[in-house]
Every structure is written in structure tokens, then in C-alpha cells.
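Now for the letters of each chain:
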Amino acid sequence: MQFNMTLPGLEEVNITKSEEVEGALLLHITVPKKAQRCPLCGERTSRIHDYRTQKIQHLKVFERTSYLFYRKRRYVCPCGKRFLEPVFLHF
Ligand SMILES: [Zn+2]
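The numbering scheme is per chain: residues are counted from 1 as the chain's sequence reads. Reporting of local features is limited, given that this is a predicted model, to residues whose pLDDT is at least 70; pairs of side-chain atoms are given and counted only at 80 or more, and all residues count toward the totals for whole chains, interfaces and linings. The side-chain quantities take in all heavy atoms of the structure and omit both hydrogens and water.

Colleague: Explain the nonpolar core to me, please; I cannot follow it from the model alone.
Modeller: Nonpolar side chains tend to gather and get buried jointly when the protein is soluble and globular. Definition of nonpolar core: a set of buried residues of the types Ala, Val, Leu, Ile, Met, Phe, Trp, Tyr and Cys, connected through side-chain atoms within 4.5 Å. Using a 1.4 Å probe on the protein chains alone, a residue whose accessible area is under 20% of its type maximum counts as buried, one over 50% counts as exposed, and one in between counts as partly exposed. In this structure, Val 13, Ile 15, Leu 25, Leu 27, Ile 29, Val 31, Ile 56, Leu 68 and Tyr 70 together form the largest nonpolar core, which totals nine residues. The secondary structure listing takes helices from DSSP runs of H or I that are at least 4 residues long and strands from runs of E that are at least 2 residues long, numbered from the N terminus. A per-element tally of this core places strand β3 (residues 24-30) first, with three residues.

Quick look at the structure:
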């Protein structure tokens, strides 16, 4: 299952999976891939280096205990700089 929605306090995210575990809602999210500006040299790149998953407790979704498993994307620039995608998460 994959669909797009807006969560409170989040930009548009892709929810790649949702599940319920012991009454809590677990959402697996990514943000859309797009070209990013390298913080070092200013070039644009959309080459992905790797992913890291971060678990975030999120209390605002559907008035219940929720956890976000945010799959952070890291980009790599032709200059060699690796950097996390800029995401504005407001909890
Ligand atoms: Zn660069």
C-alpha cells in the first residue's frame, strides 16, 4: 500500500506502510524524492547515497499513540558531499 497524504505538522509524505501494534499506530513514511542543492558546493543532485530509519513518537495523528518510522534519505553530490534531505517535521 502506498498513498500520499498530509499529516498534521508534516509536509506531504508518502506512507509506505501502516500497521497497528498493541493499540499504537505505526506509520512508515518517506518524503518525495527531489533534486537537492548541495550544502557544500551549491550544485543540484538527485543521487541517493543511502537511507536511515528514524523512529519518532508522534502524538497528534488521529488522537492516538502513533509512531513514525521515517526513512531518511541521504543524497550524494558529485563533489563527494553527502547530506540528509532537508525535511521540516514539526511535532
Ligand atoms: Zn557538492
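Colleague: Before we go on, may I ask you to explain the pattern of salt bridges in this structure?
Modeller: Pairs may arise between side chains of opposite charge once their charged atoms sit close together. Note on definitions: salt bridges are taken to be side-chain nitrogens of Lys or Arg within 4 Å of carboxyl oxygens of Asp or Glu. The final tally for this structure, using the stated rule, is three salt bridges. Note that Glu 19 and Lys 17 form a salt bridge whose closest N and O atoms lie 4.0 Å from each other. Residue classification places Glu 19 among the partly exposed residues on the basis of a relative accessible area of 27%. With its nearest N and O atoms 3.1 Å apart, the salt bridge here joins Arg 73 to Glu 85. One end of the pair, Arg 73, is in strand β7 (residues 66-76); the other, Glu 85, is in the segment after β8 (82-84), and 12 residues separate them in sequence. Exposure remark for Glu 85: the relative accessible area of 7% places this residue in the buried category.

Colleague: Looking at this structure, I do not really get the packing of aromatic side chains. What am I missing?
Modeller: Two descriptors summarise a pair of aromatic rings, namely the distance from one centre to the other and the angle between the planes of the rings. Geometry of aromatic contacts follows a simple scheme: Phe, Tyr and Trp rings, the Trp one being its six-membered ring, pair when their centres are within 6.5 Å, and the pair is stacked under 30 degrees between planes, edge-to-face over 60, tilted otherwise. Here the structure, examined in full by the defined rule, presents one aromatic pair. Note on Tyr 75 and Phe 83: the rings are 6.0 Å apart at their centroids and 25° apart in plane angle, and the pair reads as stacked. According to the relative accessible area criterion, Phe 83 is buried, its value standing at 9%. Only Lys NZ and Arg CZ are tested; either one counts as a charge over a ring when it is within 6 Å of the ring centre and within 35 degrees of the ring normal. In this arrangement the basic side chain of Lys 55 is found over the ring face of Tyr 67, its NZ or CZ atom lying 4.7 Å from the centre. In this arrangement the basic side chain of Arg 71 is found over the ring face of Tyr 51, its NZ or CZ atom lying 3.8 Å from the centre.

Colleague: In this structure, what is going on with the coordination of the zinc ion? I would like to understand it.
Modeller: Six octahedral donors around a metal ideally sit at 90 or 180 degrees from one another, while four tetrahedral donors ideally sit at 109.5 degrees. Looking at the metal site, the zinc ion is ligated by Cys 38 (SG), Cys 41 (SG), Cys 77 (SG) and Cys 79 (SG), spaced 2.3 to 2.4 Å from it. Ligating atoms shown are N, O and S within 2.8 Å of the metal, or 3.2 Å for Na, K and Ca, and water is not included, meaning a site may look less than complete. Metal sites are grouped by the angles between bound donors: all angles between 85 and 135 degrees with four donors is tetrahedral, opposite donors over 155 degrees apart with the others between 65 and 115 is square planar for four donors and octahedral for six, and any other pattern is irregular. What the four donor atoms of the zinc ion show is an angle range of 104 to 118° at the metal, which sorts the shape as tetrahedral. Here the donor residues of the zinc ion share one chain and are spaced in sequence as C-x2-C-x35-C-x1-C. In this pair, Cys 38 is assigned in the loop between β4 (36-37) and β5 (44-45) and Cys 77 in the loop between β7 and β8, connecting sequence segments 39 residues apart. Pair check on accessibility: Cys 38 and Cys 77 agree, each one buried.

Remember that the coordinates give geometry; whether it matters functionally is a separate question.
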